[in-house]
Amino acid sequence: MIQPLAYIHPQAKIADNVVIEPFVTIHKDVEIGEGTWVGSNSVIMDGARIGKNCRIFPGAVVSAPPQDLKYKGEPSTVTIGDNTVIRECVTLNRGTALDKNTTTIGSNCLLMAYVHVAHDCVIGDNVIIANAVQLAGHINVYDYAFIGGTSAVHQFVEIGAHSMISGGSLVRKDVPPFTKAGREPLSYIGINSVGLRRRGFSAETINEIQEIYRIIFLKKYNMTKALDIIEAEFNPTVERDEIINFVQNSQRGIMKGFGSS
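On a predicted model such as this, the values are computed, not experimentally measured, just so you know. (Residues numbered from 1 in each chain as written. Predicted model: local features only at pLDDT ≥ 70, side-chain atom pairs only at ≥ 80, totals over all residues. Heavy atoms only, no water.)

Undergrad: Hey, could you run me through the overall build of the protein chain in this one?
TA: For the protein chain, the count of helices and strands is 4 helices and 28 strands. Taking 2.2 N^0.38 as the reference for a compact globule, 261 residues should give roughly 18 Å; the C-alpha atoms of the protein chain span a radius of gyration of 20 Å, in line with that estimate. Sequence-distant contacts, at least 24 apart, represent 31% of the contacts inside the protein chain between residues at least 6 apart. On the protein chain, roughly 12100 Å² of surface is accessible, and the fraction owed to carbon and sulfur atoms is 51%. (Helix = DSSP H or I, 4+ residues; strand = E, 2+ residues; numbered from the N terminus. Rg over C-alpha atoms; globule rule 2.2 N^0.38 Å. Contact = heavy atoms within 4.5 Å. Areas by Shrake-Rupley, 256 points an atom, 1.4 Å probe, with all protein chains shown as cover.)

This is how it looks when you write it as structure tokens:
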């Protein structure tokens, strides 16, 4: 299933049932799992570790050297999980020795056309990143997050699980889990209740998440006071603890509530 007009380095590790279309270029230090399809004019560079049943569309560049002046050519990787779709002209840069030494894309993700993922990013499972989103280096995007088209995300930002960011956003601060974010500057505009229902969260859990974020974003408490109230008034749950841990560990600070300065 490898077209004769493709170039594949003889030491690249290509599993069974991989389809490689004409004019694909695959470098030496590459591994591609079973059932993956690589579209024409894609370039898979050294350090690519691609899982099973992925689909890589024409013009994508996977595992290019990072656009980081501190990078000195050290070996590093891009790892892509199973069943992930990389659409046209996506660019994925590999990691650097000064951080994780790898860039990671999870399983069952969709990266739409013209997305850029810079060095040392970690993207979880079931993440959707819409067209032309630009991720700077060292960003963490947790499971089931959605980033709207043409958004730009600052380096070192954390985007929580099950969150949703509106298209065209400038993401300079961390986005806590289960929230929706929009406007300029990026602000809390509610919880991602539709997404949570689709993923099987109960009405009780969704209501609790909403009440927690009312305390954080709408009650005008400082963050220390808000977290103290949440710990005192809500019984420990996975969701409550995930929110508290995310806020407490935020290095850049979380986005503001709507109407905050």
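Undergrad: Could you clarify how one ought to interpret the pairing of strand β27 (residues 187-191) in this entry?
TA: In regular strands, side chains alternate between the two faces of the sheet. Most of β27 sits out of view: 4 of its 5 residues are buried. Inspection of the sheet shows strand β26 (residues 179-182) paired to β27 by 3 bridges, in the antiparallel sense. The partner of T179 across the bridge, within β27, is I191. Counted along the chain from β26 to the antiparallel partner β27, the turn is 4 residues long, and its residue R183 has a positive phi close to 65°. Note: β27 against strand β28 (residues 256-257), 2 bridges, orientation parallel. (Buried < 20%, exposed > 50% of the residue type's maximum accessible area, 1.4 Å probe, protein only. Pairing = 2+ DSSP bridges.)

Undergrad: What is the right way to read the UniProt feature "domain: UDP N-acetylglucosamine O-acyltransferase C-terminal" (unreviewed entry) in the protein chain from this model?
TA: Within the UniProt annotation, "domain: UDP N-acetylglucosamine O-acyltransferase C-terminal" (unreviewed entry) is assigned to residues 174-255. Across residues 174-255, helical content stands at 55% and strand content at 11%; the span's end C-alpha atoms are separated by 6 Å. (UniProt positions renumbered as here; feature names shortened; annotations may be inferred.)

Undergrad: Mind showing me how you'd approach the UniProt feature "domain: Mannose-1-phosphate guanyltransferase C-terminal" (unreviewed entry) in the protein chain here?
TA: UniProt marks residues 3-56 with the feature "domain: Mannose-1-phosphate guanyltransferase C-terminal" (unreviewed entry), using the numbering shown here. Between the end C-alpha atoms of residues 3-56 there is a gap of 15 Å, over a span that is 0% helix and 37% strand.

Undergrad: So what exactly am I meant to see when it comes to the sheet that holds strand β14 (residues 102-105) here?
TA: Picture the strands of a sheet paired through backbone hydrogen bonds; they go either parallel or antiparallel. Read across the sheet, 8 strands follow the order β2-β5-β8-β11-β14-β17-β20-β23 without closing on themselves; strand pairing throughout is parallel. Taken across any chain shown, the strands that pair with only one partner, and hence form the sheet edges, are β2 (13-14) and β23 (158-159).

Undergrad: Could you clarify how one ought to interpret the environment of T36 in this entry?
TA: When you line up the elements, T36 lands in the loop between β5 (30-32) and β6 (37-38). Owing to a relative accessible area of 0%, T36 belongs among the buried residues under this scheme. Sequence separation between T36 and V141 is 105 residues, and the spatial gap between their C-alpha atoms is 24 Å. Setting aside chain neighbours within four positions, we find T36 in contact with N17, V18, V19, I50, G51, K52, N53 and C54.

Undergrad: Looking at this model, I keep getting lost on the packing of aromatic side chains. Mind explaining?
TA: Under the definition given, this model contains 5 aromatic pairs. Look at Y188 and Y213: their rings are 5.8 Å apart centre to centre, the planes differ by 35°, and that puts the pair in the tilted class. One end of the pair, Y188, is in strand β27; the other, Y213, is in helix α2 (residues 203-218), with 25 residues separating them in the sequence. Their ring planes at 20° and their centres at 5.7 Å tell us that Y213 and F217 sit as a pair that is stacked. With Y213 and F217 both in helix α2, this residue pair falls 4 residues apart, about one helical turn. Assigned by exposure class, Y213 and F217 land together as buried. Among the aromatic side chains, those forming a connected cluster through ring pairs are Y188, Y213 and F217. When the ring centre of F57 is taken as origin, the NZ or CZ atom of R87, which lies over that ring, is 3.9 Å away. (Phe/Tyr/Trp six-rings, centres within 6.5 Å; stacked < 30°, edge-to-face > 60°. Lys NZ or Arg CZ within 6 Å of the ring centre and 35° of its normal.)

Undergrad: I tried to follow the state of the cysteines on my own but got confused; where do I start?
TA: Covalent bonding between the sulfur atoms of two cysteines is what defines a disulfide. Under the counting rule described, the total for this entry stands at 0 disulfides. Between C89, a cysteine without a disulfide, and C54, which holds the nearest cysteine sulfur, the sulfur-to-sulfur distance is 18 Å. Distance from the sulfur of C121, which forms no disulfide, to the nearest cysteine sulfur (C109) is 13 Å. (Disulfide = S-S within 2.5 Å.)

Undergrad: Please explain unusual backbone geometry as it appears in this structure.
TA: The phi torsion of most residues other than glycine is negative, and most of the peptide bonds are trans. Between E184 and the following residue, P185, the backbone shows a cis peptide bond with an omega angle of 0°. Tracing the chain through its elements places P185 in the loop between β26 and β27. Phi at N108 is positive, roughly 60°, even though this residue is not glycine. Note that N108 resides in the loop between β14 and β15 (110-111). Phi at F156 is positive, roughly 70°, even though this residue is not glycine. Along the chain, the position of F156 falls in the loop between β22 (152-153) and β23.

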